[in-house]
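Below, each chain spelled out in residue letters.
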Amino acid sequence: MVWFSRFYLLLFLFYSSFYLLSSPSTSSPTSPLCHPDDTSALLQFKNSLSFSELRCEREHILYELASPCQAMSWKNGTDCCRWDGVTCDDITGHVIGLNLTFGGLNGTIQSNSSLFRLAHLKSLVLSENDFNGSQISSEFGKFENMMHLDLFHSNFSGQVAPEISYLSKLHTIDLSWNDLRLEASTLKRIVENTTNLTELSLSGVDMSSIAPISLMNLSSSLTSLRLYYSRLQGKFPQGMFRRPNLQVLYLDGNANLSISFPKYNWSSPLKKLSLSSTNIPIDLLYLVKCFQNLNALFLRNCHFTRSNDLLPLSNLTKLTRLDLSYNNFSGQIPWNSLNLGQLTYLNLATNMFVGHLPEICTNNSTKLCFPSNSSNDQLEVSLPLYLGNLNLFGNLLNGSIPTWVYSLPSLKLLDLSKNQFTGSINEFHSCSLELLYLYQNRLHGHIPRSLFQQVNLRSLHLGSNSLSGVLGFDQFSKLNKSSCRTREFPNSLLFLDVSDNQLQGLVPIPPPSLIFFSMSNNQLTGNIPSQICNASSLEVLNLSNNSLNGSLPPCLGNFSENLSVLDLWKNRLQGMIPIFAKVKSLSIINFNDNQLEGPLP
């Protein structure tokens with residue numbers, strides 16, 4: 001469904017990039033006050049836009065931001081050098097840095113915007129806002145001191161302004177994930193004028209008119225080139241792989257781009273390489289031989305010339321991040337080829353791997369043991385103690401989830417969904433989890449109490465198993481607050497799905513931050529508590545096919561402006577349907593198989 005995929009897209013975008021933010025600088029006690037002209041320009045810029053407080057609240061939770069919506073706190077009569085997101089020159093007091101990433105900004109940046117009066121800006125970060133399809137004004141070209149320009153994912157549209165090429169001091173440009181087009185003439189001017197450029201990110205920008213060979217003219221200082229889904233077509237220049245300073249190259253999703261690696265003895269300084277979702281033939285043996293310095297390799301949904309041969313990966317001794325998802329690999333996972341002891345990120349989702357996960361060796365608690373494919377011998381690999389992301393979604397794995405998985409000290413994302421795992425879910429021994437997906441397995445038993453000590457837990461999906469037990473008052477309380485006996489979830493939780501299980505008890509009270517809440521197809525009893533209306537961010541509420549009774553709380557009709565799905569089908573509810581006065585986006589409502597009366601909204 002649309003609402004389901006939207007939420008997963010949000011999480012995917014977050015966890016496939018881990019977008020890092022720098023802390024805003026503040027002036028020292030001896031620094032001059034902000035220049036009055038800059039104060040005025042900033043306040044006018046703030047007043048020309050609106051703010052989405054709901055978006056700010058969600059991003060504060062999802063991205064662990066200390067101060068989202070920075071400009072909302074700006075006040076006239078105070079020193080702007082101390083405002084969130086503002087950096088000033090220590091001598092002149094002029095604003096030289098503006099970082100409004102995740103600022104909750106909404107509106108259009110016109111060519112007469114007061115933003116362009118900040119003539120001393122060296123760094124401008126407007127990423128993750130919504131500028132309503134604004135065009136990149138030619139006025140951006142007047143920031144003659146600009147060294148860092150970041151407009152990532154902020155809903156700009158149209159052509160990339162040629163005037164961007166006037167910013168000759170630029171070191172980094174990020175125009176990714178906007179509805180932009182880059183013409184060949186504009187790129188030529190950027191290439192000619194930005195001779196100090198070290199990072200160029202144009203992912204999602206339409207570069208279909210660009211001849212890939214022209215990329216060879218980019219600054220020799222270039223260290224990072226990110227061109228995800230940029231509609232590049234034609235032959236990618238071999239020379240790009242030999243550039244002495246290039247360390248990051250991402251070409252994902254350019255289906256019409258052809259690449260042939262140099263054929264003679266050569267090696268590349270690249271440290272991060274992504275060729276995911278391209279039609280490039282991947283000879284893994286040759287690739288590993290030529291890219292010995294890689295610490296990150298992303299080959300999602302690729303065409304491998306040597307099917308099922310992952311043994312060469314063991315020669316990438318510096319590798320810490322590996323993505324081989326959405327391929328057709330089968331058989332046992334070749335654990336001895338993965339350098340598990342140093343991996344922080346492993347994604348083998350949507351393949352056809354079979355068998356059990358390895359267990360801790362009985363004679364060595366620092367090693368994992370698993371049977372060899374070619375003999376009766378036991379092979380050993382190091383425990384993956386540094387793993388922060390383990391994704392084995394959509395394979396044919398079975399057996400119980402081994403104990404070492406629950407003991408990984410830095411694990412943030414664990415996805416074992418859509419496999420055939422059996423047994424119970426054990427207690428987790430760390431509090432690092434942010435996303436946990438175990439849905440569509442054959443797990444049984446109670447939900448472990450340690451899950452609700454995960455103070456950073458954002459998404460929990462345990463649906464379509466055979467989990468049982470009572471979701472009582474204390475189980476959803478933080479266990480380090482033993483005096484608390486309310487039905488509470490971790491305050492960071494945005495997504496909860498425990499549908500299609502055998503859970504009993506009352507409906508727990510979700511936190512105000514929750515967006516998606518489904519406990520359908522369980523054995524819940526009692527009434528729907530009125531406190532559920534405190535979850536004012538809810539977009540999806542599904543409690544269908546339970547044994548809930550009593551009347552609907554009157555507040556259910558106006559507690560969330562964002563509610564799009566309300567499904568209470570097949571319960572024992574009775575009484576009047578509340579008046580839906582506040583809900584604007586409700587698209588699915590299902591009260592069937594109850595004893596409710598009154599008009600539907």
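Further up the page is the structure itself.
The following paragraphs examine the structure supplied in this document. (Residues numbered from 1 in each chain as written. Predicted model: local features only at pLDDT ≥ 70, side-chain atom pairs only at ≥ 80, totals over all residues. Heavy atoms only, no water.)

Phi at asparagine 132 takes a positive value of approximately 55°, unusual for a residue other than glycine. Tracing the chain through its elements places asparagine 132 in the loop between strand E5 (123-125) and strand E6 (134-135). In the Ramachandran plot, arginine 231 falls in the positive-phi region, its phi being about 60° despite a non-glycine side chain. Structurally, arginine 231 can be placed in the loop between strand E12 (224-226) and strand E13 (234-235). (Helix = DSSP H or I, 4+ residues; strand = E, 2+ residues; numbered from the N terminus.)

What follows covers the pattern of salt bridges. Evaluation of the coordinates by the stated rule reveals 5 salt bridges. Among the ionic pairs, aspartate 283 bridges to arginine 306, the shortest N-O distance being 2.9 Å. In this pair, aspartate 283 sits in the loop between strand E17 (281-282) and helix H5 (284-290) while arginine 306 sits in the loop between strand E19 (303-304) and strand E20 (321-323), placing the two residues 23 residues apart along the sequence. Residue arginine 306 is classed as partly exposed on the basis of its relative accessible area of 38%. Residues glutamate 434 and arginine 458 are paired through a salt bridge, measuring 3.9 Å at the closest nitrogen-oxygen approach. Here glutamate 434 is found in the loop between strand E30 (420-424) and strand E31 (435-437), whereas its partner arginine 458 is found in the loop between strand E32 (442-445) and strand E33 (459-461), with 24 residues between them in sequence. Classification of arginine 458 by relative accessible area gives buried; the value is 2%. (Salt bridge = Lys/Arg side-chain N within 4 Å of Asp/Glu carboxyl O. Buried < 20%, exposed > 50% of the residue type's maximum accessible area, 1.4 Å probe, protein only.)

The two faces of strand E38 (residues 523-526) differ: Leu524 and Gly526 on one face are buried, but Gln523 and Thr525 on the other face are not. Pairing of strand E36 (residues 502-505) with E38, which is carried by 2 bridges, proceeds in the parallel orientation. What sits directly across from glutamine 504, in E38, is glutamine 523. For E38 and strand E40 (residues 547-550), the ladder comprises 2 bridges, and the chain directions are parallel. Opposite threonine 525, over in E40, you have serine 547 as the bridge partner. (Pairing = 2+ DSSP bridges.)

On to helix H4 (residues 184-193), then. Buried residues of H4: Thr186, Leu187, Ile190 and Val191, and no others. Each buried residue of H4 lies within a common arc of 135° when the element is viewed along its axis, so the set occupies one face. Contacts from the buried residues of H4 go to strand E9 (172-174). (Arc of directions from axis to C-beta. Contact = heavy atoms within 4.5 Å.)

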